[in-house]
Structure formats: structure tokens, C-alpha cells
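Letter by letter, the chains look like this.
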2 protein chains.
Amino acid sequence: MARAGLAAERVVRAGAELADEIGFEQVTPSELARKLGIKTASLYSHVKNAHDLKTRIALLALEELADQASAAIAGRAGRDALGAFANAYRDYAFQHPGRFAAARFRLDAATAASSAGPRHSRMTRALLRGYDLPELQETHAVRLLGSVFNGYVELEMAGGFSHSAPSSEESWTEILDALDSLLRNWPASS
Amino acid sequence: MARAGLAAERVVRAGAELADEIGFEQVTPSELARKLGIKTASLYSHVKNAHDLKTRIALLALEELADQASAAIAGRAGRDALGAFANAYRDYAFQHPGRFAAARFRLDAATAASSAGPRHSRMTRALLRGYDLPELQETHAVRLLGSVFNGYVELEMAGGFSHSAPSSEESWTEILDALDSLLRNWPASS
DNA sequence: ACGTTTGCCTAATGGTCTTAGGCAAATTAG
DNA sequence: CTAATTTGCCTAAGACCATTAGGCAAACGT
């Protein structure tokens with residue numbers, strides 16, 4: 001038999017490209033079929049339905065993002081690692097806006113658990129090992145970093161910082177400095 | 001003539017309610033018409049099209065959110081104001097998840113400029129006046145706070161923190177403490 | 001060479017958004 | 001009060017979408 005799954009994967013990859021071209025929201029079976037030069041109905045042998053298609057693109061994006069982040073922090077620590085990690089996210093978002101949006105697609109609990117999501121938390125934890133936070137505060141810091149990275153990049157891509165000085169670039173490094181400083185002087189909990 | 005605009009406003013308000021009930025993404029002309037007990041085509045005398053409907057709901061949500069935040073910081077300063085402001089956002093998001101999602105709907109530049117968006121920046125700036133940051137750093141801090149609030153609430157509502165200890169509630173207050181500490185000891189820029 | 005599987009197809013159903021044109025009731029003006 | 005206007009809804013229709021069912025030829029493994 002012709003290897004099953006291979007074709008499905010090509011379809012999903014094409015979906016990811018399409019997302020970067022026209023936006024993740026606009027990725028639909030019919031649009032993807034158009035890109036692939038086949039009839040819409042033909043897609044349904046590779047993908048269960050529209051939601052399944054989006055889910056698979058999200059999983060792909062999550063993996064790619066984790067790979068990039070992982071490569072970025074290898075061999076680094078402290079402010080250096082923080083910057084590399086954060087930039088891995090931001091750069092990925094700018095190079096692959098559709099995939100990045102896909103990575104934020106809401107997965108159901110089971111799918112999320114088997115996604116690269118947990119890898120992201122583990123990496124953030126590894127990053128924090130360079131700072132020594134009280135054990136209990138580590139999770140709070142993980143959540144803070146996730147919030148800032150996601151939040152900043154989203155606002156930036158929505159154009160929130162584009163028409164005002166100082167440049168978004170400048171705020172980004174300044175914010176990373178501030179976070180580094182915060183992590184080195186994390187306040188004792190009351 | 002029967003006052004124009006009044007009916008349109010009622011339609012938009014119903015759209016906002018619908019968003020809280022079924023999610024902002026799922027708010028469509030046909031769904032809203034169903035809720036209102038009228039035919040889909042009839043909506044088009046009140047609203048230009050589906051995108052216009054979503055835009056108007058977004059503008060409504062942005063205003064409401066600004067009102068809440070504004071009321072929250074009145075008469076407060078420092079960590080007190082920071083907490084009240086942040087909680088205004090978070091509470092609104094939990095009470096009105098659909099509207100909150102609407103507030104993050106991407107508006108074109110012109111619409112965004114005439115929305116309550118600028119009010120949000122001004123309020124954040126007002127909040128920061130309680131801490132005295134070097135003038136140049138103030139914008140960076142505004143952007144940081146916006147990122148954290150948006151990012152945290154979004155991750156939290158997506159269920160990102162739900163199945164692990166410590167509770168999201170605890171992380172939230174701990175993160176606010178950390179931000180307060182950071183704002184009081186903002187690092188000098190290199 | 002043969003049966004199986006794959007990857008595509010056409011056809012059909014039911015839902016969506018949107019425009020056009022009409023009609024009765026409410027509202028305003030004289 | 002009456003007449004003109006406007007509103008808020010309607011039906012009808014076109015174009016597009018997601019999805020299911022059933023078919024067929026080429027590619028594949030044995």
C-alpha cells in the first residue's frame with residue numbers, strides 16, 4: 001500500500017504554508033484545496049474535517065516552535081538564555097505569522113497534553129534554573145514569562161506598538177532586561 | 001422618523017450577549033438573527049456585514065473595559081492601583097469572556113484610533129505615575145503591563161494553568177507582587 | 001500478475017453570507 | 001387627523017462553504 005499518513009502530512013504542511021500566506025483563520029478546506037489544485041471533497045480522505053485540519057496545523061506549529069526554542073537555549077544561561085529563548089518565539093512569530101497563530105489555537109485537554117505544549121513549560125523551567133528562584137516561585141515565573149512572550153508578540157503583531165515611539169524593538173530588549181532583573185531579585189512572597 | 005441608530009445599538013448589544021454565551025468567534029449574522037427571532041437578511045439594515053458586526057461588538061467591549069478599569073483605579077496608587085487595574089481586566093474577562101475576546105479583535109488602524117484603545121494606554125500611564133520611572137522607560141513599562149495582562153488572562157482562559165498546582169489565583173497575585181517590585185526597582189538602561 | 005489501497009473525482013445536501021426588492025406599521029409633518 | 005416618510009421586517013435568489021456517499025483509475029505490495 002502507498003504509505004498512509006505521508007500524504008496527510010503533506011496536506012498539513014501545505015495548510016501551514018497557507019496559514020502564513022493568508023492567516024490561520026482563513027485556512028479552510030476549500031481554500032487549501034484550491035492551493036493544492038484538487039477538489040475540496042478530496043481533502044476529506046486526509047483530514048477528518050475543518051477543525052481537525054486546524055488542530056493538525058496547530059500541533060505542527062507547536063513542535064516547530066519548541067524545536068526553535070530548544071535550539072536557542074542550548075549552551076546558554078542567564079540573561080543570554082532568556083534573550084535567545086524570547087527571540088526564538090518572536091522571530092518565529094514574524095517569520096511564520098500563520099503558524100504562530102495556529103500555535104495558539106485552543107486544543108482540547110487530551111490533544112493539548114499530547115502536544116509539544118508540555119515541552120514548552122519544561123524548557124521555560126530549564127531556563128529558570130539559571131536564576132535561582134525559591135522552588136515555589138518557579139511556577140509563577142514560568143507563567144509570567146509565558147504571559148509576557150505571548151502577550152507582547154500578539155500585541156506587536158496586531159500593530160499595537162507600530163505608530164508610536166520608541167520602537168517596538170527597543171521596548172522588547174528593555175523588557176527582557178527588566179525581566180532578567182526581576183528574576184534575579186524576585187520578591188519574597190508575603 | 002424612528003430614531004436611527006437605536007435599533008443598531010440594540011442589535012450590537014445582543015451580539016455582545018451572544019458572544020458571552022457561545023464565544024465571540026461563533027457570533028455570526030445567522031446566529032444573532034436566530035437569537036433575535038428574526039430572519040438573517042433583516043440584520044443587514046442594522047449592520048453592514050459580518051465584519052462590521054464584530055467590529056461594533058469589539059468597540060463596545062473596549063469601552064466597557066475602559067470604564068471598568070477607570071473606575072477601578074480611581075483614588076488608588078501604587079501596588080493598590082496596580083492590583084485593582086489588573087483585576088478589572090481579569091474580572092471582566094471572566095464575567096464576559098465573549099466580550100473580552102471581542103476586545104482583542106483586530107481593528108484597522110483608523111477604527112482602532114477612534115476606539116477606546118488609546119484610553120487604555122492613558123490609564124496605564126496614569127497608573128505608572130505612582131511609580132517614578134525614568135521618562136523614557138515609561139512606554140516600555142506600559143507595553144510590559146499590557147502584555148502581561150493580556151497574555152496571562154488569555155493563557156488562563158485557554159485552560160493553560162488549570163490542571164497544575166499552584167492555583168492560577170495564587171500565581172496571579174504573586175505576579176502582581178513581582179511586577180510591583182519590578183516597577184519600584186526598574187533597572188537603569190544600558 | 002492480482003488484489004488492495006490510495007487519491008482523486010462527481011454528485012448531492014444543507015448551511016452560510018449577502019444583495020435586491022417589497023410591504024405593513026410606526027412615526028413625523030402639515 | 002391625514003399624508004408622506006421611514007423603519008424594520010419579510011421573501012427570493014446567487015454564490016460559496018463544509019461534509020457525506022459512492023465510484024474509478026493508477027500505484028502498490030505480494
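These figures come from a predicted structure and were not determined experimentally. (Residues numbered from 1 in each chain as written. Chains lettered and ligands numbered in written order. Predicted model: local features only at pLDDT ≥ 70, side-chain atom pairs only at ≥ 80, totals over all residues. Heavy atoms only, no water.)

### Quick word on the overall build of chain A
- When helices and strands are counted, chain A shows 9 helices and 0 strands.
- Mapped in sequence order, the helices and strands of chain A form the string α-α-α-α-α-α-α-α-α.
- Projected onto its principal axes, the C-alpha coordinates of chain A cover approximately 60 × 40 × 30 Å.
- Looking at chain A as a whole, 49% of its 190 residues are labelled buried.
- The long-range fraction of contacts in chain A, counting pairs at least 24 apart against all pairs at least 6 apart in sequence, stands at 68%.
- Surface exposure of chain A reaches about 9,300 Å², of which carbon and sulfur atoms provide 52%.
- Positive and negative side-chain charges in chain A, numbering 21 and 23 respectively, have mean positions lying 8 Å apart. (Helix = DSSP H or I, 4+ residues; strand = E, 2+ residues; numbered from the N terminus. Buried < 20%, exposed > 50% of the residue type's maximum accessible area, 1.4 Å probe, protein only. Contact = heavy atoms within 4.5 Å. Areas by Shrake-Rupley, 256 points an atom, 1.4 Å probe, with all protein chains shown as cover. Lys, Arg positive; Asp, Glu negative; His and termini not counted. Charge placed at Lys NZ, Arg CZ, Asp CG, Glu CD.)

### Details of the interface of chain A and chain B
- Chain A puts 36 residues into the contact, and the matching count from chain B is 36 residues.
- The largest share of the area that chain A buries against chain B comes from A:His140, A:Arg143 and A:Glu174, three residues that together contribute 22% of it.
- If you look at where chain A meets chain B, you find 2 salt bridges.
- Among the salt bridges present, the one from B:Glu154 reaches A:Arg104, with a minimum N-O distance of 2.1 Å.
- Looking at the side of chain A that touches chain B, the elements with two or more residues in it are helix H8 (135–157) and helix H9 (168–184) of chain A.
- Ranked by residue count, the leading element in the side of chain A that touches chain B is H8(A), at 14 residues. (Buried area = accessible area lost by both parts, 1.4 Å probe. Salt bridge = Lys/Arg side-chain N within 4 Å of Asp/Glu carboxyl O.)

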